[in-house]
Every structure is written in C-alpha cells, then in structure tokens.
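# A closer look at the structure
What follows is each chain in one-letter form.
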Amino acid sequence: MKRLIVTLLFILGAFAIPVANAFAQEESPSAPEEKVAQKIEPAYVAVVDFNYILRECDASKSVASQLDALRKQYRDEMESQEQELKKAQEEWKKLKLVLDKDDLIDRRKEFEEKVSTLQKSVQHKKRQLDLGYENAMIKVRHHITSAIALVAERIGANVILSKTSVIIAGRDLEVTQQVLDQVNKDYPSVDVIIEELE
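The structure displayed is predicted, hence computed values, not measured ones.

Thresholds applied
- Sequence order sets the numbering: in each chain, residues are counted from 1 along the sequence as written.
- In keeping with the predicted nature of the model, local features appear solely for residues at pLDDT of at least 70, side-chain atom pairs appear and are counted solely at 80 or more, and the whole-chain, interface and lining totals rest on all residues.
- Excluding hydrogens and water, the side-chain figures rest on all heavy atoms present in the structure.
- Put simply, DSSP marks the helices as runs of H or I at least four residues long and the strands as runs of E at least two long, and each gets a number from the N terminus on.
- To estimate how far a helix should reach, multiply one less than its number of residues by 1.5 Å.
- Any residue under 20% of the maximum accessible area for its type is buried, any over 50% is exposed, and the rest in between are partly exposed; the area is computed with a 1.4 Å probe on protein chains only.
- Two residues form a contact once any of their heavy atoms are found within 4.5 Å.
- We call a set of buried Ala, Val, Leu, Ile, Met, Phe, Trp, Tyr and Cys residues a nonpolar core when their side-chain atoms join them within 4.5 Å.

Over its 38 residues, helix α4 (residues 58-95) extends 55 Å from the first C-alpha to the last, a length consistent with the 56 Å expected when each residue adds 1.5 Å. Along α4, the residues classified as buried are Ala 59, Ser 60, Ser 62, Val 63, Leu 67, Leu 70, Tyr 74, Met 78, Leu 85, Ala 88 and Trp 92. On its buried side, α4 packs onto α3 (50-56) and α5 (101-155).

Given a rise of 1.5 Å per residue, 55 residues ought to cover 81 Å, and the 81 Å separating the end C-alpha atoms of α5 matches this to within 8%. At the exit of α5 stands Gly 156, carrying a positive phi of roughly 85°.

Counting residues in hydrophobic clusters, the biggest one holds 26 residues, and the most contacted among them are Ile 53, Cys 57, Val 63, Val 140, Ile 144, Val 179 and Val 183. Of all the secondary-structure elements, those providing two or more residues to this core are β1 (45-48), α3, α4, α5 and α6 (176-186). The greatest single-element share of this core, amounting to nine residues, is contributed by α5. Filtering out sequence-adjacent residues up to four positions away, Ile 53 remains in contact with Val 48, Ile 144, Thr 176, Val 179, Leu 180 and Val 183. In this structure, Met 78, Leu 85, Ala 88 and Leu 118 belong to the second largest nonpolar core, which totals five residues.

Take a look at the structure:
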C-alpha cells in the first residue's frame, strides 16, 4: 500500500511539474521583461581618472600659469599702493606736530579713505581672480568631458566609470592616458578671463 501511494505521488508530481510550468509561462508577467532584457546591448566599460586628467592636462597648467602671472601683477600693484600709503602715514606723523586739530582730522580722514580704498581694491581683485579661475576650470572640465566622449566613441565603450568609483579594474579598461592625450591635442590651453565685477 505504501508503495502504491509513493508511486501515485511520483506520477502525479512528474505530471504536475510540466503542467505548472506551462501555465507559468503563459501567465507569467516576467516573460515580457525577459524579452526586454534580451534586447539590451552588452556594456563595454572603460575607466578614467578624471582628477588626474584635470590636474595634469595642459589646459589646467595654462590656467595655473596665467593665474600666477595675474596674481604677481596684482601683488606688484598693491605693493606700490601700500608704499604710497606708508609715505602718507609718515607725512601725517610729521604734520601732526605742525598742523592744528581740524587739519589733522581732515588729513587722518584722507588717509583712512586711502586705506579703505586699497582694502576694497584688494578684495575686488581677489574676487575677480577667483571668478576668472572658476570659469576657466569649468571650461577645462567641459573639454575633458568632451574628450572622454570622443575616446569612448573611438574605442566603442558605452559606459565610462570614474576611477574613484571603481575598486578593481583590469588595465585594459583604463583609458586615462588616451583621454589626457586627446585633451592636450584638442584643448592645449584655456584663457583666464578677468571680468569687471559690479
């Protein structure tokens, strides 16, 4: 009797599985998803070190050298104005002994206005330099992104990952040098434009 029950269960189980699978294939909502998944192209991945390119490309270096030259120019201008202020301060100290109180107050106000003007000028120049640098580096980043797209198209990559997001990758996936070469070829320099601020 036990043998008969086991045999019947076996026969019913063997018959039930194909029937259940047939119903599952007909009614399964995942069947269209499987068809969609089959149409997706495989990913061809490349890895790029954006920060390295940003640091090492000729365009970034040209921005840095232009900024250094502008800072030196502004520093020289400010030092010249500071020298004038020191002379005015020395003159005021000498006149302090000779002039009356009202004249001293007027001279002191003139001196303080000159100091205030110089401080405002320094802050203005700093903001101009900062803005010029930021705008130039936005252009550099844009040029790097364009070069990444060109290299990706050339090698057939449809996914580009940042090296900072990847833990392990084969050397054959690394395209940083190719991108750096492309950036240096297409965008050897970017101008730092100093705009007048309102």
